[in-house]
Amino acid sequence: LNSVKLERTYFGEGITILDDKIYQLTWRSKIGFIYNKSTMERIGDFKYSTEGWGLTNNHTHLIMSDGSSTIFFYHPTNFRLVRQITVRDPTTKKEVTRLNELEYINGDIYANVWYTDKIAIISPSTGYVKGWIEMKGLLSDQYRNGREDVLNGIAYDIDKDNIYVTGKLWPRLFHISLVKMK
């Protein structure tokens, strides 16, 4: 397992791999870093005007959240803003704020909503929530010691079509399967 130590002045956040490069956000420094996937050497950086929370990609653009209801689509080579969407719940028409960790899965954006046990499945074209994944009770009491924070991690294994979730300070990683609720 390879790793790169981030300078103490930065708080590392979202990460994604696109075209053999690793892109990493920082939370409040408004700077991101680019690494060579094979060597882990830092090969560049990029700037953005908001906080950096979650990062994924759709094989064409970098897709970023900043804790608001907005999701940003950036060009990966010049980091120019291509477009943005506002995420809304189609039932209430209200904006869904505190979008955090992102993952692009089968054409949709999955985003956990900070300080909830929910993951929104978002249409990247309209910004409307297509569905909700309820994670309440996922981490059982036997694994809690009082330090656990909230749901905060989504990963997708495209080769095996597997979804994994975890939380900040959670001692476990969970492989989940989605089932429709009645």
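Coordinates for the structure precede this section.
This write-up is about the structure you can find in this document. Predicted, not measured: the structure shown is a model, and the values here were computed from it. Position numbers for residues count from 1 along each chain, tracking the sequence in the order it is written. In keeping with the predicted nature of the model, local features appear solely for residues at pLDDT of at least 70, side-chain atom pairs appear and are counted solely at 80 or more, and the whole-chain, interface and lining totals rest on all residues. Side-chain numbers come from the whole structure's heavy atoms, not from hydrogens or water.

## Focus on the overall build of the protein chain
And then number 1: Strands are runs of DSSP state E lasting at least two residues, helices are runs of H or I lasting at least four, and both sets are numbered from the N terminus onward. When its secondary structure is counted, the protein chain shows zero helices and 15 strands.
And then number 2: As defined in this context, the radius of gyration uses C-alpha atoms, and a globule is described by 2.2 Å times the residue total to the power 0.38. A globule of 182 residues ought to have a C-alpha radius of gyration of about 16 Å, and the protein chain, at 16 Å, matches this closely.
And then number 3: Each of the three principal axes of the protein chain carries a C-alpha extent, and together these read 50 × 40 × 30 Å.
And then number 4: Going through the 182 residues of the protein chain one by one, you find that 46% of them count as buried.
And then number 5: Taking the contacts inside the protein chain whose residues are at least 6 apart along the sequence as the reference set, 36% of them involve residues at least 24 apart.
And then number 6: By element, 48% of the accessible surface of the protein chain is carried by carbon and sulfur atoms, the whole surface being about 10700 Å².
And then number 7: Between the centroid of the 24 positive side chains of the protein chain and the centroid of its 21 negative side chains there is a distance of 4 Å. Burial status follows relative accessibility: with a 1.4 Å probe on protein chains alone, a residue under 20% of its type maximum counts as buried, one over 50% as exposed, and anything between as partly exposed. Between two residues, a contact is recorded if the distance between any of their heavy atoms is within 4.5 Å. Calculation of accessible area relied on Shrake-Rupley with a 1.4 Å probe; when residues are assessed, cover is drawn exclusively from the protein chains displayed. In this tally, Asp and Glu contribute negative charge and Lys and Arg positive charge; neither His nor the terminal groups of the chain are included. To locate a charge, take NZ of a lysine, CZ of an arginine, CG of an aspartate or CD of a glutamate.

## Describing the sheet that holds strand β14 (residues 162-167)
And then number 1: We treat two strands as partners when DSSP finds at least two bridges between them. The strand order across the open sheet formed by three strands is β13-β14-β15, and the pairing between neighbours is antiparallel. The sheet terminates laterally at β13 (151-157) and β15 (174-176), the two strands that pair on one side only. The sheet shows a mean angle of 30 degrees between the axes of neighbouring strands, direction not considered.
And then number 2: Note that β13 and β14 share six bridges and pair antiparallel. Orientation is described by axes fitted as lines to C-alpha atoms, over the contacting stretch for helices, and by angles from 0 to 180 degrees between their N-to-C directions.

## Focus: the pattern of salt bridges
And then number 1: Within this document, salt bridges are pairs made up of a side-chain nitrogen of Lys or Arg and a carboxyl oxygen of Asp or Glu, the two lying within 4 Å of each other. Throughout the structure, instances matching the rule amount to four salt bridges.
And then number 2: Between E95 and R88 there is a salt bridge whose closest N-O contact spans 3.7 Å.
And then number 3: The partly exposed category is assigned to E95, whose relative accessible area is 42%.
And then number 4: With a shortest N-O distance of 2.9 Å, K130 and D108 are connected by a salt bridge. Here K130 is found in strand β12 (residues 129-134), whereas its partner D108 is found in strand β10 (residues 108-113), with 22 residues between them in sequence.
And then number 5: On the basis of relative accessible area, D108 is assigned to the buried category, the value being 13%.

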